[in-house]
Amino acid sequence: MNQKHSGILRGKKVALLMGGPGKERPVSLNSGAAVARALRQLGAEVVEIDVAGRNFSIPEKTDLAFNMIHGTFGEDGELQAILDNLGVPYTGEGEAGSRLAFDKIASKRKFDEASVPNARWEILGRGEKPSIPLPLVAKPPREGSSVGVHIVLKPEELDAALEDCFARDSEVLIEEFVNGRELTVGIVGGVALPVVEIVPKVDFYSYENKYTKGNSDYFCPARLDEATTHSIQAAALAAHRSLGLEVYSRVDVLLDAANKPFVLEVNTIPGMTETSLLPKAAGVLGLDFASLCEEIAELSLSVKRRP
């Protein structure tokens, strides 16, 4: 990766897809606005499209759809399937990789198959109780941005946590609680970026702490020794590869007191405001925001999609 622009987007018509129907819509609109500015700096003709659901249209002669829809619809394979059927090239992973990464249970199975370090886990249906002892984490398996995630410390907290999860999905992912430092690693074109350490001022890196200014502090590069940094990057790369991903992602990791990494999940459409974590890590390598957007576009266009 380097900051010298290839010019691949100059004069190209780019449909910037943002918004979406999910809870992450406001974040997506911010990401989309930042990316639109960067693409125009690169000489692209940008058409911003606020996508509310399946009924959206792509302008004729669009050279690339730049997907900035986080979470539901944009990150779960639905949008990718539509764009594949339209024959429109798009950024990020294809339908299969997007569905797999968005589904935390399917991801967990792949992590275990590939020996990616992750917390012990189980699946609950309605009426079932966890066998993993407290403290534990309960989460709906198909939500993004920590939506619906509960850290259950006391027995009396369990029923309400499960009820909230079941309101979002028909099954619940239960994980052993790992008390550790919260980290994230961007992967771009098979390269692990510098590790970012996230320090929420209250509780864990919840949806509110992610998107409320001042609720968390960030350190990039993370305050880690070289060996620990390499082990975290290796775990993140292994997670990315275990899901068959080819373009870019951001892998969330916990580091326990013994400096052992535990992969939480892989995000295939991470935040892309100019202060988001992926651009922050790329900046440490000297890759400015516009260059990162161009790199994502170039990598995406080089990937063979299904016919």
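Just above, that's the structure.
Below you will find a few notes about this structure.

Criteria and cut-off values
Residues numbered from 1 in each chain as written. Predicted model: local features only at pLDDT ≥ 70, side-chain atom pairs only at ≥ 80, totals over all residues. Heavy atoms only, no water. Helix = DSSP H or I, 4+ residues; strand = E, 2+ residues; numbered from the N terminus. Rg over C-alpha atoms; globule rule 2.2 N^0.38 Å. Buried < 20%, exposed > 50% of the residue type's maximum accessible area, 1.4 Å probe, protein only. Contact = heavy atoms within 4.5 Å. Lys, Arg positive; Asp, Glu negative; His and termini not counted. Charge placed at Lys NZ, Arg CZ, Asp CG, Glu CD. Axes fitted to C-alpha atoms, helices over the stretch in contact; angles between N-to-C directions. Parallel < 35°, antiparallel > 145°, perpendicular 65-115°, else oblique. Nonpolar A, V, L, I, M, F, W, Y, C, P; charged D, E, K, R; others polar.

## A look at the overall build of the protein
Move 1: Along its length, the protein carries nine helices and 13 strands.
Move 2: Taken over C-alpha atoms, the radius of gyration comes to 19 Å for the protein, in line with the 19 Å a tight globule of 307 residues would show.
Move 3: When its C-alpha atoms are laid out on the principal axes, the protein stretches across 60 × 45 × 35 Å.
Move 4: Going through the 307 residues of the protein one by one, you find that 56% of them count as buried.
Move 5: Counted over contacts in the protein with a minimum sequence separation of 6, partners at least 24 positions apart contribute 66%.
Move 6: With 34 positive and 43 negative side-chain charges, the protein shows a spacing of 3 Å between the two charge centroids.

## Comments concerning the packing of helix H1 (residues 25-41) against helix H9 (residues 289-302)
Move 1: Interhelical geometry of H1 versus H9 gives an angle of 85° and a closest axis separation of 9 Å. If you check the angle between H1 and H9, you find them roughly perpendicular. Along its contact with H1, which presents Ala34, Val35, Ala38, Leu39 and Gln41, the element H9 presents Phe289, Ala290 and Cys293.
Move 2: Looking at the contact of H1 with H9, its residues break down into seven nonpolar, one polar and no charged.

Honestly, that's just the spatial picture; any functional story needs more than this.
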